[in-house]
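Results of the structural survey
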Amino acid sequence: MHVLITGLPAPRGRARCQGALHPRAAPAAERGRGPRAASGFDRCKITSVSCGCDNRDLFYCAHVVALSLYRIRHARQVELRLPISETLSQMNRDQLQKFVQYLISAHHTEVLPTAQRLADEILLLGSEINLVHGAPDPTAGAGIEDANCWHLDEEQIQEQVKQLLSNGGYYGASQQLRSMFSKVLRGLGGHRGSGDPGADTPPPPHLHIPAQVREMLRMQDSNGARMLILMTEQFLQDPRLALWRQQGAGMTDKCRQLWDELGALWVCVVLSPHCKPEERAGWLQLLCKWDKLEVCPLEEGNYAFDGPSLQPTVAPSSGPSPESAPGGGSWPYPPPEPAHRAALGPCPPGPEVEAAGSRHTVFSRALQAGELHWNDAHLQRILASDTYGPSLKGNVGGDKLTFDSQGRPLWLGEPFPTACARVDTLRAHGYPRQALRLAGAMVNTLRLQRRHQLESYKQQKKELLQKGSTCITNTEGWVGHPLDPIGCLCRALLEACRLEEETLSLYPDEGSEKRKVAYQHVPVPGSPGESYFAMALEVALLGLGQQRALPEGLYAQDKVVRNEEQLLALLEEVELDERLVQVLRKQAGLLLEGGPFSGFGEVLFRESVPMHTCARYLFTALLPHDPDLAYRLALRAMRLPVLESTFPAGEPHPNPLESIMSNRFPRWFILGHLETRQCELASAMLMAAKGDPKWLHAVLGSVQQNIHSPALLFKLAQDACKTAAPASVPPDTTLLGIALELGLQVMRMTLNTMTWRRREMVRWLVTCATEIGPQALMNIMQNWYSLFTPVEAATIVAVTGTTHATLLRLQLDGPQREELWACTRTLALQCAMKDPQNCALPALTLCEKNQAAFEAAYQIVLDAAAGGLGHAHLFTVARYMEHRGLPLRAYKLATLALAQLSIAFNQDSHPAVNDVLWACSLSHSLGRHELSAIVPLIIRSVHCAPMLSDILRRWTLSAPGLGPLGARRAAKPLGADRAPLCQLLEAAVAAYITTSHSRLTHISPRHYGDFIEFLGKARETFLLAPDGHLQFSQFLENLKQTYKGKKKLMLLVRERFG
């Protein structure tokens, strides 16, 4: 770019540069036509920026950058001038008039209206402009006492944050805001490595707001805090906050994560080691004001949640303020002196006051951080030297916990999360060496604490094991903590171990592409054999394996899971060498021996966070190096105490498919996720133990004891079966047996419950048993009472177990096949006796090929009919008997069904109508004897007149059959006036008379036509009798006399029947 630039010096350190920029290859005629950029400088800072281009963003445009670079690189080529006011003071009246007129002439369209307005005001004696001495000079600069800061387009920041928040429900907007946060802390000091996601390729402009703030803070630019304040104010103006509060509901997950990052960012800002006391006081006043707002989000994430009190944060004892900073330069410290607190008034509350309250917002941690300082003498010496030891402690004091037994420094001045926040703050503010030194001291402190815990546990081990329970020593777990102490410590240690061409992102969510990070072992000064790389692994495992209570609230529990997965993702990127494997084995052994302080200890608190996800990583990592330790650790981690303590030994389990969250465990919102992770751990062990019967049976016992979800057990059984019997490879019979055992447990757990997957489970179990062999299949048939319902056993197990495909799969010989069929028939008969209503027909079908079994099944049906077997099932079995060519047995069952049937006068569409007609047809085909026997049953069971007349006509159309099969028939059909049909005719006539009177009792005029048609059908039935005409006439006369008040209806009767 070619730059035309002029410089205007100011006597108090202020200057202004302006120029026109365009490509070097531009013709001479076009030079000067590019956008004109101008920058204001004040004490080595760009305080104002303007450009003629349309690119308005949070960053300086390319023209302003080129102008600034030219000013920096070619400072001597920029012509320096006095302020314009000094030049004007040297002109006489004529020169001033000529200057003004030439200026107006050169820019008459831009400045003429302003010039005329100013001239009018100057000529007016009483105007405001004449009452002020002098005139403004933009080239003169600010006073030395005036504040100066880098240029920041506050309006643009507010507008962009507001726009992104309005799109907060979309993934892109959340990513943009998260990218904004990713650079807020980078402005605290230091620089960005080349491997950091986004370092090589700059993100698009709409992702730059928080990213730029982090960069500004790392570079110790005061605008970083200004930008953070602007962003926070826009966040608090989000209209959704008031809506969520009114509804008493939690905010969306993505929005909740943004607020968490905002709160953590304020902790790093307030804890800044180089800020001035007045700056910190101003920040704390703002935080206190925001904290008191009703819409300010709570730390847990739900406005209706009243969470547990925070642990009070105790500031370390005040010591003499050192004269030198950790890096050797000056490092001002803001001591919490009374004047500083007086300036804040009643805010912020002290740690004791904060701990007593129950309302903790996302800014509570930052307010607590305002009580901390950096002027502790021991802390300063830790930060100042890699070789700080007892010989260098000077006048620190004789506290024996200042160093460990090996002379390595400890930091016990405050809670562990607070100390880790210091590490994160130092790293974010550009003090990586000091952060690493403090991190090393924290690791030494953790090791000492663990030694004390193990000694304490050894003294109480017998008592705790007898008691079988323990209590939680940490009310706030380190994984899922709002300050993320384990993550901060791990990242600080790993950053020191990355190779030169690699880097580690300060926050893992930054950037869309994840790159594999390469690390190396970096020795720890003063600790032979130690490396920061091994320290990072040790810290991560210690935090992940900590026994901690599951926090209250859905979001807090979700954050525990998410934080754990982030830490494990960080560890999975690490390639384990021999040194790290030794660390892994040592830490795994300590976790197993950690007692109540370890999530892998022998005794667990009922509501402690399960270790399934961590154990799966440890199992996978340890398996190639120490299988015995890997299995012992994973088997110990299979426990889920909150479920185990609910089902005392020897007591039956309640409904396992019952809604757990709403009934038994209302606090465990993520229980389903935890059970899934438990199943994944079990699956990993089963897959790895293939071919090893010892560990397979150990895993099976653990699974049967600890997994309480039938659906997950079924999935585990399916996975085991697939692994045990791959295609074209001999199956692993032991693993197949494990899969079958799991399937049997699922059957027992779901036997008395309703689940839509039950049929699928039963079919799979039969298939799995078939894979093992005929003996397994017959075993489940013989023990079906505890596994299946009678319907499942008769319709799925027995049928599937004897299909052609199953028999081919089993490859049975004659005797074996007959044994299987005998077992199946026994099963069918048992099911029929247990549930004849649903299993009688399947039992008859399965027993068709064995006469004795078939007779037994038929007898079960007859016995069940006497015991109340419904007419519908009896008709179904009767039709089956007819289909099998057994009409006499079908007739017998039909008569039993008719004996239980009752069809009222108005039930023309009764479900059993077709069955009754079929039974009548069957009896007619069998012969006169069977027909005579069924007529009384029909009269007793059927009271519907149209149905009786229909049966009567069917029987009079043809002659009845002779003999049991109806092969020969009589010469002529039966008469309706002779036995046995005369009784049915009388019943039909009586039914018509009764039905007519019943219908006339509540008849309406719109039903008159239907009644006339009904009388027409009745006359047809009356006429079947010898004196039917006379009977029908008497019946009509009776109706006319009885219902003479229904004149219209009787008129219709006369018109139709006379």
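Further up the page is the structure itself.
Residues numbered from 1 in each chain as written. Predicted model: local features only at pLDDT ≥ 70, side-chain atom pairs only at ≥ 80, totals over all residues. Heavy atoms only, no water.

A word on the overall build of the chain
Inclusion rule: The way it works is that DSSP assigns letters per residue, a run of H or I at least four long becomes a helix, a run of E at least two long becomes a strand, and they are numbered from the N terminus. A 1.4 Å probe rolled over the protein chains alone gives each residue an accessible area, and that area as a share of the maximum for its type sets the label: buried under 20%, exposed over 50%, partly exposed in between. Any two residues whose heavy atoms approach within 4.5 Å are treated as being in contact. A 1.4 Å probe and the Shrake-Rupley method give the accessible areas. Residues count as covered only by the protein chains that appear here.
When helices and strands are counted, the chain shows 46 helices and eight strands. For the chain, the proportion of its 1058 residues judged to be buried stands at 50%. In the chain, of all internal contacts separated by at least 6 residues, the share reaching a separation of at least 24 is 72%. For the chain, the accessible surface area stands at approximately 50200 Å², while carbon and sulfur atoms represent 54% of it.

A look at the state of the cysteines
Defined simply, a disulfide is a covalent bond joining two cysteines at their sulfur atoms. The following threshold applies: The term disulfide is used for any two cysteine sulfur atoms that are within 2.5 Å.
One pass over the full model with this rule turns up zero disulfides. No disulfide involves Cys53; its sulfur sits 3.4 Å from the nearest other cysteine sulfur, which is in Cys51.

Considerations on the packing of aromatic side chains
Note the cut-off: Classification of ring pairs rests on two measures: the distance between centres of Phe, Tyr or Trp rings, Trp counted by its six-membered ring, which must be within 6.5 Å, and the angle between planes, read as stacked under 30 degrees, edge-to-face over 60 and tilted in between.
Under the counting rule described, the total for this entry stands at 16 aromatic pairs. Judged by centre distance (4.6 Å) and plane angle (10 degrees), the rings of Tyr631 and Trp695 are stacked. Taken together, the positions of Tyr631 in helix H24 (residues 627–637) and Trp695 in helix H28 (residues 693–706) put the pair 64 residues apart, joining distant regions of the chain. A relative accessible area of 4% means that Tyr631 is categorised as buried. We classify Trp695 as buried; its relative accessible area is 12%. Where Phe1022 meets Phe1035, the ring centres are 5.7 Å apart and the plane angle is 15 degrees; that geometry is what we call stacked. In this pair, Phe1022 is assigned in helix H44 (residues 1008–1022) and Phe1035 in helix H45 (residues 1028–1042), connecting sequence segments 13 residues apart. Taken individually, Phe1022 and Phe1035 each receive the classification buried, so the pair is uniform in this respect. In textbook terms, an aromatic cluster arises when at least three aromatic residues are bridged by ring pairs, as seen for Phe235, Trp259, Trp266, Trp290 and Phe363.

Points about the nonpolar core
So the rule is basically this: Only buried residues count toward a nonpolar core. Its members are Ala, Val, Leu, Ile, Met, Phe, Trp, Tyr and Cys residues joined through side-chain atoms within 4.5 Å.
In this structure, Trp259, Trp266, Phe600, Phe788, Val916, Ile938 and Trp955 are the most contacted members of the largest nonpolar core, which totals 254 residues. Residues contacting Val916, with those up to four places away along its chain left out, are Phe875, Leu898, Leu901, Ile903, Ile938, Val942, Met947 and Ile951.

Topic: unusual backbone geometry
You will see that Asp484, though not glycine, has its phi angle at about 50 degrees, which is positive. In this fold, Asp484 is placed in the loop between helix H18 (432–467) and helix H19 (485–495). For Asp484, a relative accessible area of 14% puts it in the buried group. Positive phi, close to 55 degrees, is recorded for Gln811, a residue that is not glycine. Tracing the backbone shows Gln811 in the loop between helix H34 (804–810) and helix H35 (814–834).

Side note on the pattern of salt bridges
Rule in force here: Salt bridge, as applied in this entry: a Lys or Arg side-chain nitrogen positioned within 4 Å of an Asp or Glu carboxyl oxygen.
Overall, the coordinates contain 38 salt bridges when judged by the stated rule. Here Asp260 and Lys559 are joined by a salt bridge, their closest N and O atoms 3.6 Å apart. In this pair, Asp260 is assigned in helix H11 (residues 253–270) and Lys559 in helix H21 (residues 554–572), connecting sequence segments 299 residues apart. Where Asp626 meets Arg585, a salt bridge forms, and the shortest distance between an N and an O atom there is 3.1 Å.

Let's talk about empty space enclosed by the protein
What counts here: In this analysis the probe radius is 1.4 Å and the grid spacing 1 Å, with only protein atoms considered; a cavity is a set of points the probe fits into but cannot get out of, a pocket is an open set with protein on both sides within 12 Å along at least five of seven lines, and lining residues have an atom within 4 Å of a point. Grid points are joined across faces, edges and corners, and a volume is the space filled by probe spheres set on the points. Polarity classes work like this: nonpolar for Ala, Val, Leu, Ile, Met, Phe, Trp, Tyr, Cys and Pro, charged for Asp, Glu, Lys and Arg, and polar for all others, with Gly in that last group.
According to the stated counting rule, one finds nine cavities of 30 Å³ or more in the structure shown. Within this model, the second largest cavity holds a volume of roughly 210 Å³. Classifying every residue of the lining of the second largest cavity gives seven nonpolar, seven polar and one charged.

Here we look at the pairing of strand S6 (residues 527–531)
Heads up, the condition is: For two strands to be treated as a pair, DSSP must find no fewer than two bridges joining them.
Inspection of the sheet shows strand S5 (residues 523–524) paired to S6 by two bridges, in the antiparallel sense. Bridge pairing in S6 links Pro523 to Ser531. Connecting S5 to the next strand, S6, in antiparallel fashion are two residues, including Gly526 with a positive phi near 80 degrees.

A word on the layout of surface pockets
In this structure, the largest pocket spans a volume of roughly 1500 Å³. Along its surface, the largest pocket is lined by 28 residues, and Leu88, Phe99, Val100, Leu103 and Leu118 are the ones closest to its centre. For the lining of the largest pocket, the secondary-structure elements that each account for two or more residues are helix H2 (84–89), helix H3 (93–106), helix H4 (108–123) and helix H5 (128–131). Each residue belonging to the lining of the largest pocket can be placed in one class, and the counts come to 17 nonpolar, eight polar and three charged.

A closer look at the side chain of Ser364
To keep things clear, this is the line we draw: In protein, a polar contact means a hydrogen-donor-capable atom and an acceptor-capable atom, both N or O and within 3.5 Å, with residues adjacent in sequence counting only if both atoms are side-chain atoms; elsewhere, any N or O pair within 3.5 Å suffices.
On the secondary structure map, Ser364 appears in helix H15 (residues 364–369). For Ser364, a relative accessible area of 0% gives the class buried. One polar contact links the side chain of Ser364 to the main-chain amide nitrogen of Thr361, over a distance of 2.9 Å.

Quick word on helix H39 (residues 887–899)
Just so we agree on the cut-off: Here the expected span of a helix is defined as 1.5 Å times the quantity of residues minus one.
Between its first and last C-alpha, H39 extends 18 Å over 13 residues, near the 18 Å set by a 1.5 Å rise per residue. For H39, every residue scored as buried is listed here: Pro887, Ala890, Tyr891, Leu893, Ala894, Thr895, Ala897 and Leu898. The secondary structure elements touched by the buried residues of H39 are helix H37 (851–866), helix H38 (871–883), helix H40 (913–926) and helix H41 (928–941).

A word on a nonpolar patch on the surface
Defined as follows: A patch is a set of surface residues, each over 30% in relative accessible area and not in a salt bridge, joined within 9 Å for like charges and within 5 Å for the nonpolar side chains Val, Leu, Ile, Met, Phe, Trp and Tyr.
A contiguous nonpolar patch, built from Ile84, Phe99, Val100 and Leu103 and spanning about 310 Å² of accessible area, is present on the exposed surface. Counting residues per element, the nonpolar patch draws most heavily on H3, which supplies three residues. When you line up the elements, Phe99 lands in helix H3. Residue Phe99 is classed as partly exposed on the basis of its relative accessible area of 32%.

Concerning H40
With 14 residues, H40 extends 20 Å from end C-alpha to end C-alpha; this agrees with the ideal 20 Å at 1.5 Å per step. The element H40 is extensively covered by neighbouring structure, given that eleven of its 14 residues are classed as buried. Inspection of H40 places Val913, Asp915, Val916, Leu917, Trp918, Ala919, Cys920, Leu922, Ser923, His924 and Leu926 among the buried residues, and these make up the whole buried set. Once H40 finishes, Gly927 follows within two positions and takes phi at roughly 140 degrees, a positive value.

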